[in-house]
Amino acid sequence: NYIKNPLNDPAFNNIIFNCDIDSFIQFYAKKYEENLTTEWNRTEDTELYYVCSSPADYNFILYLPSATGMTFAKLLGGSIADVYIVGRLFNLIAYALIIILILKILPYKHKIFFIIYMLPFSLLLAASYSVDGICIGFLGLFIAYCLKLSEGDYKDIKLKQILILMLLFGLCLLAKNLAYCAIILLIFILPICKILKNNKKSLPVIITLITIAIILCGILLLNKLNSTASSGGDPRGGSTSVTGQINFLLQSPLNIVKVGFEHIMNSILNYNWYTYLNNENFFGRYYEQIFFLEMIFVLYVCFTDNSQKIKTRTGIVSIITFIAVFASTSLMLYLTFTPVGQISISGYQPRYITPLLPMVLMLINNKRFIGKTGEETEKKVNSNIYLTSGLFIILDLFCLIYVI
């Protein structure tokens, strides 16, 4: 059942999430058996604290790595703890493999993509049952492939490359139920007209595929909005209603301006908002100080990266795509998760734009900060970056375990 609908299985409501060590051993050390959780009834009178599973229901493909790990542990006769941990481990392994592929595909700016995708919080998401880790990977693959094609000879972009690009975009649509659909704008870093002229023989097939893809995306988006609207929105958000929220926005253009302005001020123009990339709940009370050091490190790498000068076209399209995706993900959360009539958008976190940050950060460069160049120097710089990234992970873990 967890493969088809991993978060909505009623049995998950009976799993103990927060408990003392004795209760943990009593429950999680048992060997996994079918219907094992039925004896644990969810009641509010017990000393143990139970938490219902999240009602979020994403495509099963996003859960395949963790589901594979859980199945593997079950086949080996593991305990509940084994099944739980191996599922998370396989999710992390899948994330690592995707990041390796991204770094291999990227034509430049490997350092910037590496440090963002290897932030402690990004790894935390990847090592959990959240879909965000895999989503970061899928979005990163699409971005990397677009950049690779943009740096090659457009005459080499044939039907095969276009199909791969469409497949990667399809994976991006799985992320947060089509909320990242606006990332398709990134393809405009490619000389579209020249590519089409160079593929005149395949033009009918290309046009047909693109038309079908657009229709399918429209149908899926409308279907998702209709299904969400019929259910009244995400129950975790409170008094939500998709139709009610749309009506509120359409009542006056000023409402749209107010919501947009408030959201921008509370998110991308708010330093404290970014500190959630090193969340206190996971990394202890010194999360803000550690994040500040991480931010300085990221900016230093951006300023000193000399791998390649970004084309003006690539820079403009990257900024437009970032803004468009920020808007599409914000709108989706406002319609489905925010109480009707509320000016601020509830629940919008920086992790939603984490995979897009390298697109903007790679545009930062200053020749005055660039030192000596050369193969040996580059290897030393890369080693220092890998070492520093690892030290931040250790520092976060230390503050969580020993300082909290």
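Conventions adopted
Residues numbered from 1 in each chain as written. Predicted model: local features only at pLDDT ≥ 70, side-chain atom pairs only at ≥ 80, totals over all residues. Heavy atoms only, no water. Helix = DSSP H or I, 4+ residues; strand = E, 2+ residues; numbered from the N terminus. Areas by Shrake-Rupley, 256 points an atom, 1.4 Å probe, with all protein chains shown as cover. Phe/Tyr/Trp six-rings, centres within 6.5 Å; stacked < 30°, edge-to-face > 60°. Buried < 20%, exposed > 50% of the residue type's maximum accessible area, 1.4 Å probe, protein only. Core = buried A, V, L, I, M, F, W, Y, C linked by side-chain atoms within 4.5 Å. Expected span 1.5 Å × (residues − 1). Patch = residues over 30% accessible without salt bridge, like charges linked within 9 Å, V, L, I, M, F, W, Y side chains within 5 Å. Salt bridge = Lys/Arg side-chain N within 4 Å of Asp/Glu carboxyl O. Lys, Arg positive; Asp, Glu negative; His and termini not counted. Charge placed at Lys NZ, Arg CZ, Asp CG, Glu CD. Axes fitted to C-alpha atoms, helices over the stretch in contact; angles between N-to-C directions. Parallel < 35°, antiparallel > 145°, perpendicular 65-115°, else oblique. Left-handed = near helix turned anticlockwise from the far one by under 90°. Contact = heavy atoms within 4.5 Å. pLDDT = per-residue confidence, 0-100. 1 Å grid on protein atoms, 1.4 Å probe; cavity = no way out; pocket = protein on both sides within 12 Å on 5 of 7 lines; lining within 4 Å. Points joined across faces, edges and corners; volume = space filled by probe spheres on them. Nonpolar A, V, L, I, M, F, W, Y, C, P; charged D, E, K, R; others polar. Polar contact = N/O pair within 3.5 Å; in protein donor to acceptor, adjacent residues only side chain to side chain.

1. Concerning the overall build of the chain
So, point 1. Across its full length, the chain carries 17 helices and two strands.
So, point 2. Of the accessible surface of the chain, which amounts to about 21600 Å², a share of 65% is contributed by carbon and sulfur atoms.

2. A word on the packing of aromatic side chains
So, point 1. Applying the stated criterion across every chain yields a total of twelve aromatic pairs.
So, point 2. Seen from their ring centres, Phe-114 and Tyr-386 are 4.9 Å apart, and the 70 degrees between their planes marks the pair as edge-to-face. Pair noted here: Phe-114 is in helix α4 (residues 110-117) and Tyr-386 is in helix α17 (residues 375-403), with a separation of 272 residues, a long-range link.
So, point 3. Of the residues examined, Phe-114 reaches a relative accessible area of 14% and is grouped as buried.
So, point 4. According to the relative accessible area criterion, Tyr-386 is partly exposed, its value standing at 46%.
So, point 5. Centroid distance Trp-273 to Tyr-274: 5.0 Å. Interplanar angle 75 degrees. Geometry classified as edge-to-face.

3. Examining the nonpolar core
So, point 1. The biggest cluster of nonpolar side chains holds 89 residues, and the ones touching the most others in it are Leu-62, Tyr-117, Phe-142, Ile-143 and Ile-183.
So, point 2. The biggest single contributor to this core is helix α6 (residues 132-151), with 13 residues.

4. A short note on unusual backbone geometry
So, point 1. In the Ramachandran plot, Lys-109 falls in the positive-phi region, its phi being about 55 degrees despite a non-glycine side chain.
So, point 2. Here Lys-109 is to be found in the loop between α3 (80-105) and α4.

5. Things to note about α6
So, point 1. Taking 1.5 Å of rise per residue, the 20 residues of α6 would be expected to cover 28 Å, and the 29 Å separating its terminal C-alpha atoms lies within 8% of that figure.
So, point 2. Buried residues dominate α6, accounting for 18 of its 20 residues.

6. So, a positive patch on the surface
So, point 1. Positive charge collects at one region of the surface, where Lys-194, Lys-197, Lys-200 and Arg-313 lie side by side.
So, point 2. In this structure, Lys-197 sits in helix α8 (residues 192-198).

7. Observations regarding the packing of α6 against helix α7 (residues 159-174)
So, point 1. Relative to each other, α6 and α7 sit at 155 degrees, their axes nearing to 8 Å. For the element pair α6 / α7, the angle class is roughly antiparallel. Relative to α7, the crossing made by α6 is left-handed. From α6, Phe-138, Leu-139, Leu-141, Phe-142, Tyr-145, Cys-146 and Leu-149 reach across to α7, where they touch Gln-161, Ile-164, Leu-165, Leu-168, Phe-169, Leu-171, Cys-172 and Leu-174.

8. Some words on the pattern of salt bridges
So, point 1. All told, the structure shown has five salt bridges when counted by the stated rule.
So, point 2. A salt bridge links Arg-351 to Asp-132; the shortest N-O distance between them is 2.1 Å. Taken together, the positions of Arg-351 in the loop between α15 (312-337) and α16 (357-361) and Asp-132 in helix α6 put the pair 219 residues apart, joining distant regions of the chain.
So, point 3. With a closest N to O distance of 4.0 Å, Glu-151 and Lys-311 form a salt bridge. Here Glu-151, found in helix α6, pairs with Lys-311, found in the loop between α14 (287-304) and α15; they are 160 residues apart in sequence, far enough to count as distant.
So, point 4. On the accessibility criterion, Lys-311 (40% relative accessible area) is partly exposed.
So, point 5. One salt-bridge network, held together by shared partners, links Lys-109, Lys-111 and Asp-305.

9. A look at the confidence of the model for the chain
So, point 1. Here the chain averages 82 in pLDDT, and 79% of its residues register 70 or above.
So, point 2. Within the model, the stretch residues 1-7 combines pLDDT values under 50 with 18 contacts to residues more than four positions away or in other chains.

10. What to know about empty space enclosed by the protein
So, point 1. All chains considered together, the criterion is met by two cavities of 30 Å³ or more.
So, point 2. For the largest cavity, the calculated volume is near 60 Å³.
So, point 3. In terms of lining, the largest cavity is formed by Ile-115, Met-118, Leu-119, Pro-120, Glu-294, Phe-297, Val-298, Ser-389 and Phe-392.
So, point 4. Taken together, the elements giving at least two residues each to the lining of the largest cavity come down to α14 and α17.

11. Focus on the layout of surface pockets
The gaps of empty space that remain are located by a probe, the size of a water molecule, rolled over the atoms.
So, point 1. Taken as a whole, the second largest pocket holds about 450 Å³ of empty space.
So, point 2. Lining the second largest pocket are 18 residues, and of these Tyr-274, Met-295, Leu-299, Leu-357 and Leu-361 lie nearest its centre.
So, point 3. If one sorts the elements of the lining of the second largest pocket by residue count, α14 sits on top with five residues.
So, point 4. Taken together, the residues of the lining of the second largest pocket break down into 17 nonpolar, no polar and one charged.

12. Topic: the environment of Ile-102
So, point 1. Relative to the assigned elements, Ile-102 resides in helix α3.
So, point 2. Note on Ile-102: relative accessible area 0%, which makes it buried.
So, point 3. Put simply, Ile-102 and Ala-144 are 42 residues apart on the chain and 6.0 Å apart in space, counted from C-alpha to C-alpha.
So, point 4. Residues in contact with Ile-102, not counting those within four places in the same chain, are Tyr-117, Gly-137, Gly-140, Leu-141 and Ala-144.

13. So, the side chain of Asn-279
So, point 1. By secondary structure assignment, the location of Asn-279 is in the loop between α12 (271-274) and α13 (280-283).
So, point 2. Classification of Asn-279 by relative accessible area gives buried; the value is 9%.
So, point 3. A distance of 2.8 Å separates a polar side-chain atom of Asn-279 from the backbone nitrogen of Asn-281.

14. Some thoughts on the packing of helix α10 (residues 242-251) against helix α11 (residues 253-266)
So, point 1. Direction vectors running N to C along α10 and α11 enclose 110 degrees, while the axes themselves pass 4 Å from each other. Considering the angle they form, α10 stands roughly perpendicular to α11. On the side of α10, the interface is formed by Phe-248, Leu-249 and Gln-251, while α11 contributes Asn-255, Ile-256 and Val-259.
So, point 2. A breakdown of the residues in the contact of α10 with α11 according to their chemical character gives four nonpolar, two polar and no charged.

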